[in-house]
Amino acid sequence: MGPVELLHMSVFSQSFSPCGRFLAAGNNYGEIALFSLSAALSPDASEGSQKPILNFTAHDGPVFSLLSTDTHLLSAGNGEISAWSWAELIKKVSQLFSKCMTSLEIPEINAMIINPKDNSLIVGGGDNNIHIMDMETGIFKSVLKGHTDYIHCLCFKEREEEILSGGEDGAVRIWGHTEIPLSRFQTCSGMVGQECARPQFGKWISCLATDSDWMLCGGGPSLSLWHLRSMSPTSVFPLPGCQREAVFHQDLIMSVGEGPYVSHCLHGGTVKAQIPCTPSSLNTLALNLKNTEHRVMTVGGSSHQIDVFTNFSYRAFSLSF
Amino acid sequence: MSSDAVKKRKPKVVRNEAGTPETKRSRAEGDQEVRVYNEEVELEDRDPQQDYMLYKDTCADLAKLMAEIQELKSSGAKVGSVEIEERHRQCSVHFITLKKLNRLAHMRLKKGRDQTHEAKQRVDVLHLQLQNLLYEVMHLQKEISKCLEFKSQHEEIELVSEEEFFQEAPAEISRPHVTRDDNHQLTLARLDWELEQRKRLAEQYKMSLARKEKIQKAIEQKREYLSSLQPGLQNIMQASLPVQEYLSMPFEQMQKQAEVARHLPPPLYVLLVQAAAYGQACDKTLSVNISGDVDEAKALSRRPEDSQEDESDSDAEEEQQNTKRRRATVGVQLEDKRKAMLRRHPLSLCVDLKCKDGSVLHLFFYYLMNLNILTVKTKVSTATDLSGAVSAGELLNSESLLNCLYASDHGKETPNPANRYQFDKVGITTFADYVSDLGHPYVWVQKLGGLQFSSDGAQSELRGSALSASHMEKTMKLLRGRLQARLALHKQFSSLEHSIIPVSSECQHLFPAKVVSGLTRWTMMSYQEFTELGFVQHVLKAGLVCETDLFFMAVVERGTARLLAAVVLNPRYPEVMPLFSLSLHWKGERSGRTEDNLRAMESEVNVFRAELQGPRPGLQLLTNQIQRLCVCLDVYLETESQVCDGSEGPREFPREKMCLRTARGPSRLKPFKYNHPQGFFSHR
């Protein structure tokens, strides 16, 4: 990795280890780097502790999505998902699924989530479909078709066991899990004409987050908070760029996207703060809630550096590839 | 008691010094019959204790008598009565006793004092004698030690050891029967032997000197004879010249060069030998010549010590004169000193590297004698006249042509750390001021001359020729590569300035057949202008740019869209890839920092060296990068679904490129990768 490659690196995905002491990050060169949070957060941290303890090439395309289960790290490359044991991250445990669609272009995998109730992995990507796979056996159970363009993001409602998906076609679809394959779906694609639509950017939905009754979605349209039962937007956040990831955290909504800052917003629709960061635009935000000692927020984007926030109001330091 | 004492007589008078009243009395009575009372003699008989008791008794009696008189007087007796008179008489007698006792006491005291004094005198005398004796003892001891330490001159003469002496010396000198017992004789004998030997050796020396003179004369004669042969040989050489040319063995030329080479300073000599050897063995296009004034060089080598002494003497003289003169000639003298310090050796080497297309790189190597470094100046002569491309002005500039041949070898400062001290003495702050006159002291030049300075991270143990040989091949290859790269760039620049991107046939497969965006401007920038651009700050911050790089601005246009690309060209092109930073002016201004797609375009152009460098030696790199930039701009503009303010007007750029998907991934990047031969665009 010469300095020119570092200059053009983008971080697309992050995932914390089950114990919460390590952070795995995936970049556009297909590499996954493992950082030790305990070393970086310790009082005698040095320059070296902000470098990865392990850096390996996982896929030959960019790693758009990383997901952590209790024992494994799942990484998604071009049409393939690999599982790595957290215990020994060097050895590949198994390659869970490998797709070959058209030979011309292999679809990427943009989002992965886990349904803990029946231990299945839900994957959405470039072929406009959502695939559900059983993690025990590795067999694909079902395919949810319906989107007309590729899927950006997935989200899971625990209580009703429903999947929400947002895609390039501007539609947010809700998939029930009670009947297989696809039962009822509802779209919130009527964003055109609504107050959150921003036609100068486009109509794609690139971030989704849900808090049982509430749903956040944004992308081309402004980031907005929707009440799910009534399917109507309650507040629209006046953020200038297109948001790529948003999370609910306690009373706040934190979102990242175009623009070198993390936005803190309140449910009412006001933007409380915009915390500046080093990358010029951000792709991923992750909160380490599993471990109380290392309770940090990390963001990564168009830079080889990942910003770490120990106090969510300001950037503490940066890890770098 | 006292009455007895009065009546005592002495026939003789023994007078001693003490006691003045008695003395006076005795002198007065001395003419008469000598019957004088000597109280002092009496003193010895009396016991002081008894006298004391007597005194007490007398006092008591006196007191008693006084009391009785008092009584009598108070009881009314007459003044002249008998009892009172009796008592008066007794009192008087007592008084007299008391007086005597007093006298005796004084006399005792005096006697005691006299005795003490006498004793002290005696003691003093003895003490003085003791001191005298001690002093004398000390003196004698010193004398003894002085005598013992005495070294006679004879001990400074180095003598052979005793065994050798006994072995070598003839019997009449060594006289073992005497000398073995007697050390003094032994030493004398040894000295004798020494003297003999020295005399003998002096004789030998004289004889050797005489022989040497004779031989010297013989040599002179032979020399004269040889030099008389010289003209004859010259004639033969001249006659053989045509033969040499006919057989193409430039024997004489090489000899001449070798002759001159003898006067070269060591580093230049090493360079000459190694370069000539390399040229003969590996590279027929390399040639080495010596140029310069041979006579001056001879003069220099003949008296190197003298010239140094002269310098220091003249310095001293100048300093003296300095203090006497009032006018400030310090500046001129300093200038002279500087010139002297920076003096070049009169001989220099010229190395020519010829390339296949007829252009030649001339390298002139100079040796700075006082600083002990080599410098190089360059000149490029081309077969064809290079038409002036404006932006190519810097490429073949002799000042910067060889910049950074090896990474970070700028040739601005002298690599010899000792020069720092020399510069301080004459007030030179930086060598960079003199570089344009004297040439560049690159580190590789020093290595080729076999000079190794401790500051170049000295890991190698090589010195001299070995060092030069180990670097020769690589350096020559780099030099040739540099010349070719610069010439290629020169040609490319002249066509870039005419808005034509020269893509060679081997690289056509990297690009689609139809490229609509075109290069409209190609200009050179200075470092200052570069740093002022807003969209290059990330490159500056990452430390990928330094002042010695070359900076260019390329403008690619299509329709209303204008793409500005700031290019950083490292002197070591094509080893180091040029770095592009983009800024697009189309419906607003965006740069690689604000938009992910432009960043992806930058990455497409900057990162993929293996694809873009084309056939070896990779001289197509820059032009391929520019062509790829045009292709990427095409893709960007055609896939941008601009729906401004809701209206769907006619698109400015119709979709012509074949793409499977226009957006992919979370950042919705466009497909910039061209696939050959299918001819469609995909994502990386």
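Criteria and thresholds
- Residues numbered from 1 in each chain as written.
- Chains lettered and ligands numbered in written order.
- Predicted model: local features only at pLDDT ≥ 70, side-chain atom pairs only at ≥ 80, totals over all residues.
- Heavy atoms only, no water.
- UniProt positions renumbered as here; feature names shortened; annotations may be inferred.
- Pairing = 2+ DSSP bridges.
- Helix = DSSP H or I, 4+ residues; strand = E, 2+ residues; numbered from the N terminus.
- Axes fitted to C-alpha atoms, helices over the stretch in contact; angles between N-to-C directions.
- Parallel < 35°, antiparallel > 145°, perpendicular 65-115°, else oblique.
- Left-handed = near helix turned anticlockwise from the far one by under 90°.
- Core = buried A, V, L, I, M, F, W, Y, C linked by side-chain atoms within 4.5 Å.
- Buried < 20%, exposed > 50% of the residue type's maximum accessible area, 1.4 Å probe, protein only.
- Contact = heavy atoms within 4.5 Å.
- pLDDT = per-residue confidence, 0-100.
- Salt bridge = Lys/Arg side-chain N within 4 Å of Asp/Glu carboxyl O.
- 1 Å grid on protein atoms, 1.4 Å probe; cavity = no way out; pocket = protein on both sides within 12 Å on 5 of 7 lines; lining within 4 Å.
- Points joined across faces, edges and corners; volume = space filled by probe spheres on them.
- Nonpolar A, V, L, I, M, F, W, Y, C, P; charged D, E, K, R; others polar.
- Patch = residues over 30% accessible without salt bridge, like charges linked within 9 Å, V, L, I, M, F, W, Y side chains within 5 Å.
- Areas by Shrake-Rupley, 256 points an atom, 1.4 Å probe, with all protein chains shown as cover.

Identification of chain B as THO complex 5 from Cyprinus carpio is taken from an unreviewed UniProt entry. What UniProt records for chain B under Subcellular location (unreviewed entry) is the sentence "Nucleus".

An unreviewed UniProt entry lists chain A under the name THO complex 6, with Cyprinus carpio as the source organism. UniProt, in the comment section headed Sequence similarities (unreviewed entry), describes chain A in these words: "Belongs to the WD repeat THOC6 family."

Undergrad: Tell me about the sheet that holds strand S17 (residues 205–211) of chain A, and name the residues and values.
TA: Residue and element names in this part refer to chain A. With respect to topology, four strands assemble into an open sheet ordered S17-S18-S19-S20, the strand pairing being antiparallel. The strands lining the two open edges of the sheet, one partner per strand, are S17 and strand S20 (232–236). Across the sheet, the axes of successive neighbouring strands diverge by a mean angle of 25 degrees, strand direction being ignored. Alignment of S17 against strand S18 (residues 214–219), held across six bridges, turns out to be antiparallel. Residue pairing across strands places Cys207 opposite Gly218, the latter belonging to S18.

Undergrad: How would you sum up the packing of helix H4 (residues 48–74) of chain B against helix H5 (residues 82–149) of chain B? Please name residues and give values.
TA: All names here are of chain B. Orientation of H4 relative to H5, taken along the N-to-C sense of each, is 155 degrees, at an axis distance of 9 Å. With respect to their mutual orientation, H4 and H5 come out roughly antiparallel. Here H4 runs over H5; the crossing is left-handed.

Undergrad: Which residues make up the nonpolar core, and what values do they have?
TA: Of all hydrophobic cores here, the largest spans 100 residues; its most connected members are B:Phe365, B:Trp444, B:Phe493 and B:Met601. Of the residues forming this core, the biggest block, eleven residues, is contributed by helix H23 (residues 621–639) of chain B. In contact with B:Trp444, not counting residues within four places along its chain, are B:Phe365, B:Leu402, B:Leu405, B:Tyr406, B:Asp409, B:Thr475 and B:Leu479. One finds A:Leu23, A:Ala286, A:Leu319 and B:Phe608 within the second-largest nonpolar core, a separate group that totals 20 residues.

Undergrad: Run through the confidence of the model for chain B, naming residues and quoting values.
TA: Predicted coordinates in regions of low pLDDT should not be interpreted in detail. Residue and element names in this part refer to chain B. Here chain B averages 81 in pLDDT, while 87% of its residues score no lower than 70. Segment residues 307–319: pLDDT under 50, and three contacts once partners within four positions in sequence are set aside and those in other chains are kept. Every residue in residues 643–647 scores below 50 in pLDDT, and together they form three contacts with partners more than four places removed in sequence or on other chains. Interface predicted TM-score (ipTM) for the complex: 0.88; the corresponding pTM is 0.69.

Undergrad: Go over the pattern of salt bridges, please, and point to the residues and values.
TA: Under the counting rule described, the total for this entry stands at 36 salt bridges over all chains. Residues A:Glu108 and B:Arg664 are paired through a salt bridge, measuring 3.2 Å at the closest nitrogen-oxygen approach. On the criterion of chain membership, the pair formed by A:Glu108 in the loop between strand S8 (92–98) and strand S9 (109–115) and B:Arg664 in the loop between H23 and strand S10 (673–674) is interchain, its members lying in two chains. Residues B:Glu611 and B:Arg628 are paired through a salt bridge, measuring 2.8 Å at the closest nitrogen-oxygen approach. Here B:Arg628 lies in helix H23 and B:Glu611 lies in helix H22 (residues 609–612), a separation of 17 residues in the sequence. Residue B:Arg628 is classed as buried on the basis of its relative accessible area, which comes to 7%. Each member of the salt-bridge network shares a partner with another, and the members are B:Arg558, B:Asp634, B:Glu638 and B:Lys657.

Undergrad: Mind laying out empty space enclosed by the protein, listing which residues take part and the relevant values?
TA: Residues and elements named next belong to chain B. Per the stated rule, a full pass over the model turns up two cavities of 30 Å³ or more. Reported here for the second largest cavity is a volume of approximately 40 Å³. Taken together, Leu510, Phe511, Arg628, Val631, Cys632, Phe672 and Tyr674 form the lining of the second largest cavity. If you tally residues by element for the lining of the second largest cavity, the top one is H23, at three residues. Per-class residue counts for the lining of the second largest cavity are six nonpolar, no polar and one charged.

Undergrad: An account of a nonpolar patch on the surface is requested, with residue identities and associated values reported.
TA: A contiguous nonpolar patch, built from B:Tyr225, B:Leu226, B:Leu229, B:Leu233 and B:Ile236 and spanning about 540 Å² of accessible area, is present on the exposed surface. Given the relative accessible area of 55%, B:Leu226 is considered exposed.

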